[in-house]
Amino acid sequence: MPTGGSSFEFFPYNCKILPPFFSSLEVSNTPLIKSTVRINRGVESLFGTRDENIRLIETGLGVHTHLLDNTIEIEGEPESVNRATGILEDYNTLLREGHVFNNGDLNSYLRVVTNDSEVSLRSLVNSGKQRNFGKKVLAPKTVNQRRYLEAIERNDMVFGIGPAGTGKTYLAVAMGVSALINKQVARIVLTRPAVEAGERLGFLPGTLQEKVDPYLRPLYDALYDMLDSEKVEKLLERNVIEVAPIAFMRGRTLNDAFIILDEAQNCTPEQMKMVLTRLGFNSKMVVNGDITQIDLPNAGRSGLIQALEVLRGAQGISFVTFDDKDVVRHTLVQRIVRAYEKYNETIGNGRQLTLPLSENGGPPEPEASTPVPTNGNIGDLKVVLDPTETAPQA
């Protein structure tokens, strides 16, 4: 067998004729095949932490694998085995070409190719060209991430809609840093609504900037990941990079700027219109949000949802939608997002409580209760005491 090559072996799945008792059961007559692919190097990277990568191939394609002396044997139905073989051969080719898979990259690619038969591992990796973002060199890990970056390059306004963990904010900040380094823009403006996630924090000490900084922390985190901390501090001092809440945007015209509106689902329609109309000459704007995580008191008034309806089809504006397959955080995040989507589809957010009706069609009559003796009242609060107890003495 040639180095890094593969071989196939057919063996029929012998189906026995079932007795009449099992006549209602169907047994597949599809023959199973075996294929072997030699992995010259990078076996550890291929299998991944706790074999998560090879398990992803097995569950995604419905095949079984077995490793023996750097040779992987694949068993299953012909179409699935052929796809798995193609993925492993692409992996060998990419390693020979000098490609290095960083932590988690291969798992993200495998999620895509196991779900889309028209995408090969090699084409997916090569199409996502690496870009220099300050001290980071990144490449899109999914098809939608690639579409997102390409849309930002081609259009002056881009909406990125999708669940948590799909890289919307991180990639948008990376593109802003790249535009600033390449002198395509003169400054970066990062903004988001200062809305608590389902809780009231009350009074916050410090200056106005110190009060709003906690809400903008995800944007700071992305900046410090792209640039050296000293450089970020200098750019912030000179207002080359500006991080501000939406309240500071009123009345401004942002020329020669890369503007990122994060957590846009928590904007009201009035705020959304105000921010979108700040766009000046030679500027780009990226609007990101997750319409399933709206923290506004009235979720139906999200400015992001309204903007999607109003601006859909407008020339010069691009919309990129992410899904659970684009999640690049912990594998559990992808499962959590999928579980919540399934729950919302089956249960829905507009559930109504069904109350039992009485015989006359109205609400049920309250059951008669035995009066409980009371020994005293305190304002509007009735103190109910056991008959054997006495009221406290004044």
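Overview of the structure.

Criteria and thresholds
Residues numbered from 1 in each chain as written. Predicted model: local features only at pLDDT ≥ 70, side-chain atom pairs only at ≥ 80, totals over all residues. Heavy atoms only, no water. Helix = DSSP H or I, 4+ residues; strand = E, 2+ residues; numbered from the N terminus. Buried < 20%, exposed > 50% of the residue type's maximum accessible area, 1.4 Å probe, protein only. Contact = heavy atoms within 4.5 Å. Pairing = 2+ DSSP bridges. Phe/Tyr/Trp six-rings, centres within 6.5 Å; stacked < 30°, edge-to-face > 60°. Lys NZ or Arg CZ within 6 Å of the ring centre and 35° of its normal.

## So, the overall build of the protein chain
Across its full length, the protein chain carries 13 helices and 14 strands. Burial statistics for the protein chain: of 394 residues in total, 40% are counted as buried. Nonlocal contacts in the protein chain, meaning residues at least 24 apart in sequence, comprise 69% of its contacts between residues at least 6 apart.

## Notes on the pairing of strand S9 (residues 241-245)
With 5 of 5 residues buried, S9 lies mostly within the body of the structure. Residues Ile241, Val243 and Pro245 point to one face of S9 and Glu242 and Ala244 to the other, with burial holding for every one of them. Examined bridge by bridge, strand S8 (residues 187-192) and S9 share 5 bridges and lie parallel to one another. Each residue of the ladder has a partner; that of valine 189, found in S9, is glutamate 242.

## Regarding the environment of isoleucine 152
Checked against the element boundaries, isoleucine 152 lands in helix H6 (residues 143-154). A relative accessible area of 1% means that isoleucine 152 is categorised as buried. With residues up to four places along the chain from it excluded, the contact list for isoleucine 152 reads Val158, Met175, Phe258, Lys284 and Val286.

## What to know about the packing of aromatic side chains
Summed over all chains, the structure comprises 4 aromatic pairs. When the centroid spacing of 5.6 Å and the interplanar angle of 25° are considered together, the rings of tyrosine 91 and phenylalanine 101 count as stacked. Separated by 10 residues along the polypeptide, tyrosine 91 in helix H3 (residues 78-96) and phenylalanine 101 in the loop between H3 and helix H4 (105-115) bring together distant segments of the chain. What makes phenylalanine 101 buried here is its relative accessible area of 11%. When the centroid spacing of 6.2 Å and the interplanar angle of 75° are considered together, the rings of phenylalanine 101 and tyrosine 109 count as edge-to-face. The same class applies to phenylalanine 101 as to tyrosine 109, namely buried. An aromatic cluster is built from Tyr91, Phe101 and Tyr109, whose rings are joined through pairwise contacts. Over the ring of phenylalanine 319 we find arginine 312, and its NZ or CZ is 4.4 Å from the ring centre.

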